[in-house]
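Descriptive structure summary
Below, each chain spelled out in residue letters.
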Amino acid sequence: MFRNTYDSDNTVFSPQGRLHQVEYALEAVKQGSAAVGLRSKTHAILLALKRSTGELASYQQKMYRIDDHVGIAIAGLTSDARVLSNFMRQQAMAERMIYNRPIPANRLVSSIADKAQVNTQEYGRRPYGVGFLVIGLDKTGPHLYEFSPSGNSYEYFATSIGARSQSAKTYLEKHYEGFADCSLEELITHGLHALRETLQQDKELSIKNTSIGILGPAGAHETGVPAQGSFRILEDEKIDVYLQSMVPKELEAPPITAPPPTAGDVDIQMTDN
Amino acid sequence: MTSIGTGYDLSASTYSPDGRIFQVEYASKAVDNSGTTIGLRVKDGIVLAVEKLVHSKLLVPGASNRRIQTIDKHIGLATAGYLADGRHLANRARSEASNFREFYHSPPQVKDVTERLGQYVQVYTLYSSVRPFGVSTILGGVDKTGPNLYVVEPSGVFFGYHGAAVGKGRQLAKAELEKLKLAELSTREAVFEVARIIHLVHEDNKEKEFELEMSWIGAETQGIFLPVPKDLHQEAEEKAKAALDNFE
Amino acid sequence: MDHFPTNWGRPRNDAFDAYGTYPIQQRPNNIKDNFNGVQRTQQPIVTGTSVLAIKYKDGIMMAADNLASYGSLARFKDVQRLHAVGNHTVLGASGDMSDFQYIQSLLDDLIIEEFTEQDEHTLGPAEIHEYLSQLMYGRRSKLNPLWNSLLVGGYKDGKRFLAYVDLLGTTYSASTIATGYGSYIAQPLLRKAVEGREDTLTEREAQAILEESLLVLFYRDARSLDKYQIAKVTESGVSISESMALRTSWSFAEGIRGYGAQTQ
């Protein structure tokens, strides 16, 4: 059943100094459908693939608003995500109450990372089984962070988490240098292209299974966005226009040959090596 | 390690028959696999430097994703090992420093914070309900006694150093540190030395990309612990690379 | 002895306190019992008087004298009542000086905490003022106020900031503010000199306005001192001056009966 004797408890180091329970928690993130995040000089956006359990079921919620200037996309255990996102909302509100300012996004991410770290060290707990992409907008501009159950958090130009996210990352690594100067529409198209890479063979992105979260000034197809560019989640008909903008995969030159998704996906590393 | 799998290595609260606590030793393994971190105590200050291994080119370089933490105005800390554990200890060190200030209405010495942090780390080696910290911590700062540098190990033990290195390249780094006349160096000169040493030890780990992170405190920073300014950082890195080419 | 300076000089009520033992012996202590409840801070002890502050062209300027009184006694004459909070903010306090010292240590800790984050975010005057107003209101709601009137002034991101908060948690913002006795005596003078000219007043003019008001206060406020400091916050940060002396003139007193040596 167990791979070895050092993996049933998160308070045990393996002889190599590894924490197997934490590494397994990182696998839980990969069970969730993918989310992609990227940023330009003006915008930070999230895109996520929603699953539904059947024809009669609704699609899952993949994105949450934390505050006007912060939004998240999740991959992994939704119930853990709700605990952590609630905590983030409380932190954000406390910052507004005490200092009357929007909480700096990096500190918000650190606060949940620090919470997650404790769950990797104490008996009777398990590490969180969820990863976040967090976008934040503050006076230093738009930001994108990744939070993972190991208690690590990193800032990225663009990244992806969840099932087959390595394929999305391959796309992003190829194009990220051009993201800084993208318009919102171009950025979303890039995001959709990256998200598409995570799909299973016979699936495609639709207005039902795709969510887009945006921070930054209103785009060409948007109305009613507050001047400060508050976080909003676009779903259903609203995203049709963006889906239309995608370049069909076979036309995309040169064709991207994503490595076949394998179990040994080296998505997120536990150690900071 | 012959005791692997004998059952004496599954808990921090268990001794092996020959009196070792394997969980603490395994924690040190986590440190040994991590990027090299070094600290220098010189004439008028301290320099800390980290070989920050970069796992993706999508990471934002520079100020975010820091590995060197600030503890108080005049104290900094760098860790090797699990980054998340390092942040946990940094937070603890900050609250110890702040608690000291509240109680004594005076800034803590580096030793004060180190002693308290050492005790905290040691407690995590006593119980089966927790695991030890997977980090070695280098604390440095300038207090009323002058520059001070300490290393806290996962066992909770700590020593003062003139020059310290932890992480993967520590052996080579220590050999390099021993060649320096630390008591005569200025902090600015030390910045160039640590940059050179980090670049040198990275030679053995060349397949991975890395970023050099440095912070310092000394006469030039008015006794405040700060990241090394951009221009000096760049100059030190260029010289380090040049020195490396000559070396080969 | 009656240690409570506010009682000094007041007539004693011989009907119930013939030997002047009240309030020491009778003073409610903080031991809880089922009948009297708990009493907390009822009055300030060692106090500072007015703080004055105005906006001017380059930022804000604040002034306070160096006196901490013990009742009517001019007890401490070298107390600094202006405190720099980080690089963008100055805090001025009137009221209880020990409460002020406590607030200073809270803020110093806060600034270190913020410094250790080492990101590009720092607390400016608006954030410090919000924090203080939550602190003051929180304490008064526990019926245990910090007995101060505080002025928070600063300059950050090209914006001037000047606001007030007191022991009740009341706040307001204006281009001239004075606390304590100064709110009666100096505030009208400051308004007249500053309002409408905030963007043109030079540093020299601003300082002259404050000094003139301090002088008037020194003549009229028996709890004030002719030694004072001036703080300014501009683009380049906070600076608090050394102590300076007011140039007073008492010639007007010549004709006042009851002042100085009387001939008849």
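Note that this is a predicted model, so its numbers are computed, not measured.

This paragraph deals with the interface of chain B and chain A. On the side of chain A, 40 residues touch chain B, which itself brings 40 residues to the contact. When the two sides are added together, the surface that chain B and chain A hide from each other amounts to roughly 3,400 Å², 55% of it contributed by carbon and sulfur. When the buried area of chain B at its contact with chain A is split by residue, L58(B), Y82(B) and R131(B) rank highest and sum to 24% of it. Remark: the boundary between chain B and chain A carries 1 salt bridge.

Under the defined criterion, the tally for this structure stands at 38 salt bridges over all chains. Among the salt bridges present, the one from E95(A) reaches R101(A), with a minimum N-O distance of 2.7 Å. Of the charged contacts, one joins E213(B) and R66(B) as a salt bridge, the two residues approaching to 3.8 Å between their closest N and O atoms. Here R66(B) lies in the loop between β2 (46-53) and β3 (68-72) and E213(B) lies in strand β9 (residues 210-217), a separation of 147 residues in the sequence.

It is common to report an interface's size as the accessible area lost on association of the parts. Contacts between the two partners involve 14 residues from chain C, matched on the other side by 11 residues from chain A. Taking both sides of the interface into account, the surface hidden between chain C and chain A amounts to around 1,200 Å²; carbon and sulfur atoms contribute 50%. At the boundary of chain C and chain A, one finds 4 salt bridges. Its salt-bridge partner being R107(A), residue E114(C) comes within 3.1 Å of it at the nearest N-O pair. Sort the elements by how many residues they give to the side of chain C that touches chain A and helix α2 (residues 125-141) of chain C lands first, with 4 residues. Looking at the side of chain C that touches chain A, its residues break down into 3 nonpolar, 3 polar and 8 charged.

Confidence in the prediction of chain B, expressed as mean pLDDT, is 93, and 97% of residues score 70 or more. Across the interface, the model reports ipTM at 0.92; the global pTM reads 0.89.

Let us now look at unusual backbone geometry. Unlike most non-glycine residues, R164(A) shows phi in positive territory, near 55 degrees. Position of R164(A) relative to the elements: it lies in the loop between β8 (158-161) and α4 (165-175). The residue D157(C) is not glycine, and still its phi comes out positive at about 50 degrees. On the secondary structure map, D157(C) appears in the loop between β8 (148-156) and β9 (159-166). Residue D157(C) is classed as exposed on the basis of its relative accessible area, which comes to 59%.

Moving on to empty space enclosed by the protein. Residues and elements named next belong to chain C. Tallied over the entire structure, the rule returns 1 cavity of 30 Å³ or more. Roughly 60 Å³ of volume is contained in the largest cavity. Lining the largest cavity, in full, are T49, S50, D65, L214, L217, F218, D221, S224, L225 and L246. Of the residues contributing to the lining of the largest cavity, the split by class is 5 nonpolar, 3 polar and 2 charged.

Moving on: the sheet that holds β2(B). Residue and element names in this part refer to chain B. Strand order in the open sheet formed by 5 strands is β8-β1-β2-β9-β10, and the pairing between neighbours is antiparallel. This sheet does not close on itself; its edge strands, each paired only once, are β8 (163-166) and β10 (226-227). Across 5 bridges, the pairing between strand β1 (residues 37-41) and β2 is antiparallel. Across the sheet, the residue bridging to L40 is V47, located in β2. Along the sheet face, helix α4 (residues 170-179) touches β1 and β8 and points at about 165 degrees away from the line of β8. Set on the sheet, helix α5 (residues 187-202) makes contact with β1, β2 and β9; between it and β9 the angle comes to about 155 degrees.

This brings us to the pairing of β8(A). Every other side chain in a regular strand lies on the same face of the sheet, so the side chains alternate between the two faces. Residue and element names in this part refer to chain A. The side-chain alternation of β8 yields two buried faces, one formed by A158 and S160 and the other by T159 and I161. In this sheet, β8 lies alongside strand β1 (residues 35-39) in antiparallel orientation, the contact comprising 4 bridges. Bridge pairing in β8 links A35 to I161.

What follows deals with the packing of α4(A) against helix α5 (residues 184-196) of chain A. The relative placement of two packed helices comes down to the angle between their axes together with the axis-to-axis distance. Residue and element names in this part refer to chain A. Put simply, α4 and α5 touch, their axes get as near as 7 Å, and they point 145 degrees apart. In the crossing of α4 with α5, the sense of the turn from one axis to the other is right-handed. Two secondary-structure elements touch here, α4 through A168, Y171, L172 and H175 and α5 through H190, H193 and A194.

With that settled, the discussion passes to the sheet that holds strand β10 (residues 232-234) of chain A. Hydrogen bonds between backbone groups are what pair the strands of a sheet, and the pairing can be parallel or antiparallel. Residue and element names in this part refer to chain A. Ordered by their spatial adjacency, 5 strands build an open sheet running β8-β1-β2-β9-β10, and the pairing between neighbours is antiparallel. This sheet does not close on itself; its edge strands, each paired only once, are β8 and β10. Going from strand to strand, the sheet's axes swing by 15 degrees on average, the running direction of each strand aside. Inspection of the sheet shows strand β9 (residues 210-215) paired to β10 by 3 bridges, in the antiparallel sense. Within the sheet, the bridge partner assigned to G213 lies in β10 and is I233.

This paragraph deals with the environment of P44(C). Residues and elements named next belong to chain C. For P44, the position within the fold is in the segment before β1 (46-48). Along the backbone, P44 and G71 are 27 residues apart, and their C-alpha atoms lie at a distance of 9.1 Å. Each residue touching P44, except ones within four places of it in the same chain, is listed here: D96 and W147.

The rules behind each value
Residues numbered from 1 in each chain as written. Chains lettered and ligands numbered in written order. Predicted model: local features only at pLDDT ≥ 70, side-chain atom pairs only at ≥ 80, totals over all residues. Heavy atoms only, no water. Contact = heavy atoms within 4.5 Å. Buried area = accessible area lost by both parts, 1.4 Å probe. Salt bridge = Lys/Arg side-chain N within 4 Å of Asp/Glu carboxyl O. Helix = DSSP H or I, 4+ residues; strand = E, 2+ residues; numbered from the N terminus. Nonpolar A, V, L, I, M, F, W, Y, C, P; charged D, E, K, R; others polar. pLDDT = per-residue confidence, 0-100. Buried < 20%, exposed > 50% of the residue type's maximum accessible area, 1.4 Å probe, protein only. 1 Å grid on protein atoms, 1.4 Å probe; cavity = no way out; pocket = protein on both sides within 12 Å on 5 of 7 lines; lining within 4 Å. Points joined across faces, edges and corners; volume = space filled by probe spheres on them. Pairing = 2+ DSSP bridges. Axes fitted to C-alpha atoms, helices over the stretch in contact; angles between N-to-C directions. Left-handed = near helix turned anticlockwise from the far one by under 90°.

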